[in-house]
Structure formats: structure tokens, C-alpha cells
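Spelled out, the chains give:
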Amino acid sequence: MTDASDYLPGSRRLPDLRTAVQQCRGCDLYQDATQAVFGEGPQDAKLLFVGEQPGDAEDREGEPFVGPAGRLLDRALRDCGIDREQVYVTNAVKHFRFTRPERGKQRLHKKPSRGQILACRPWLLAELGGTDPDVVVFLGATAAQSVLGTGFKVTERRGQVVDLPEELVHRPMHAVATVHPSSVLRAPDRDAAYTAFTADLRVVGDLVT
Ligand code: URA
Ligand code: SF4
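Being a predicted model, the structure only gives us computed values, none of them experimental.

Parameters at a glance
- Residues numbered from 1 in each chain as written.
- Chains lettered and ligands numbered in written order.
- Predicted model: local features only at pLDDT ≥ 70, side-chain atom pairs only at ≥ 80, totals over all residues.
- Heavy atoms only, no water.
- Helix = DSSP H or I, 4+ residues; strand = E, 2+ residues; numbered from the N terminus.
- Pairing = 2+ DSSP bridges.
- Axes fitted to C-alpha atoms, helices over the stretch in contact; angles between N-to-C directions.
- Contact = heavy atoms within 4.5 Å.

**Student:** Can you help me understand the environment of Gly51 in this one?
**Tutor:** Among the structural elements, Gly51 can be located in strand β1 (residues 47-51). For the pair Gly51 and His180, spaced 129 residues apart in sequence, the C-alpha to C-alpha distance is 7.0 Å.

**Student:** I would appreciate a short explanation of the sheet that holds strand β6 (residues 161-163) in the present structure.
**Tutor:** Hydrogen bonds between backbone atoms are what pair the strands of a sheet, whose relative direction is either parallel or antiparallel. Judged by pairing direction, the sheet is mixed, and its 5 strands sit side by side in the order β2-β1-β5-β7-β6 without closing on themselves. At either end of the open sheet lies a strand with only one pairing partner, and these are β2 (87-91) and β6. If you compare each strand with its neighbour and ignore which way they point, the axes differ by 25° on average. Looking at chain direction, β1 and β2 are connected through 5 bridges and run parallel. Note that in β2 the partner of Leu48 across the bridge is Tyr88. Lying over the sheet, helix α5 (residues 141-148) contacts β1, β5 (135-139), β6 and β7 (174-178), oriented at roughly 130° with respect to β5. Where helix α8 (residues 190-208) meets the sheet, its contacts fall on β1, β5, β6 and β7, and the angle it forms with β7 comes to roughly 170°.

This is a description of form; function is not addressed.
Take a look at the structure:
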């Protein structure tokens, strides 16, 4: 299986990775997307958040979490006293996967396949190498399972502090998994879902203060 590793530069500097990702052909998702969306935030961020993949707005703007899910995330971070400026945000998959039900119609998000998630994983691991977070926060199952494997169940483990596997990181790092902000937006009881989401984020906040 091909993956992104052939397209990674030797350097782990974020600006070099961000430039190189635009040339990635590690899976088929580069074909229909506008551009790759790399992570954003300070290199020395104490918190690194991982989402699933760019959405429609992110695909157009070239930045992660700038659409509706990003606005919910911003609000949740604010409510938990976490400074978004101090957070590095990225995604498990760097290109937008979508379907277009009819020609000219709105693009609909489609979940990335396991093969696409694994193909893109070298970029995410490279970002972990190019930053130095104390805590990695997985937003949803795609992000958590990209790094921790499909045995990791977010529904059972959300809000718990786990250690990232030693072989993946250059120093010990904690991780906390929670749901994806889009799932809060879709939840039948949005208030309850938001409260549970922010409860998980408070666990994260307590680890770095
Ligand atoms: N959803 C994600 O997982 N990531 C984004 O960047 C935007 C929406
Ligand atoms: Fe490369 Fe990831 Fe884009 Fe696939 S989704 S082409 S692996 S950057």
C-alpha cells in the first residue's frame, strides 16, 4: 500500500512539512480536494488537537477548524479557559473527502477510509515530531484510532488520560480522547453533548495548568 512516507521531507520543521504536504500523493484524496490542509498553531504549543479531516470551509481556506466545527471548538476552549492561541490544531487526514450527490451541488463530507487514514498517518506523526505538546487531544474516533489503533474505543475511554505509545513519540506524552465537535452539533440533545464535551476538555486543561 502506498502512503505519505515517500512525500515527507527529511526535516521535521513545521514550515518544511507544510510546504511538502501540498505535493503529497500518498492516497487518492489529493485528486478532488482544493488543497492539503496542514496543522496550524505555535510550534511550542502545550496542547495539540487532532480532528478527522478538513471540512468544506477548511478545504477552501487552507486552514484547519475554521468552519462550524471549529467555531464550536473555539467556544468550548473559551468556556474551559484554554487559550486557542496556545493550541496547535491539525487533522488525521490532510485532504477533504467528500461526495457530490448531484453535479454542481454542495459537497458532502464523507468519512475517510481506514486505508486513507493510515496513508496520511506519517504526516500526523511528523507533526508530533515537529512540535512538543504535553497533551495530545483526539477529537473523535478517526483521530484516536489513527494513532492508537482500531482497538481504542472513544465511547469507553473519552475523558481519560492515556500515554501515547513510546515508539511513536520523542518523549512521554499524554493523550485524552473525546468526541468530534461535529458530533456535538448533530446531537439530539446538544446541550448535554456540549456539557460532556467540555467536561472532557476540562480534564485536558487541568493537565497543563
Ligand atoms: N472537522 C475536522 O475534523 N477538522 C477540521 O479541520 C474541520 C472540521
Ligand atoms: Fe497525502 Fe494525506 Fe492527502 Fe492522502 S490525504 S494525499 S496521504 S496528504
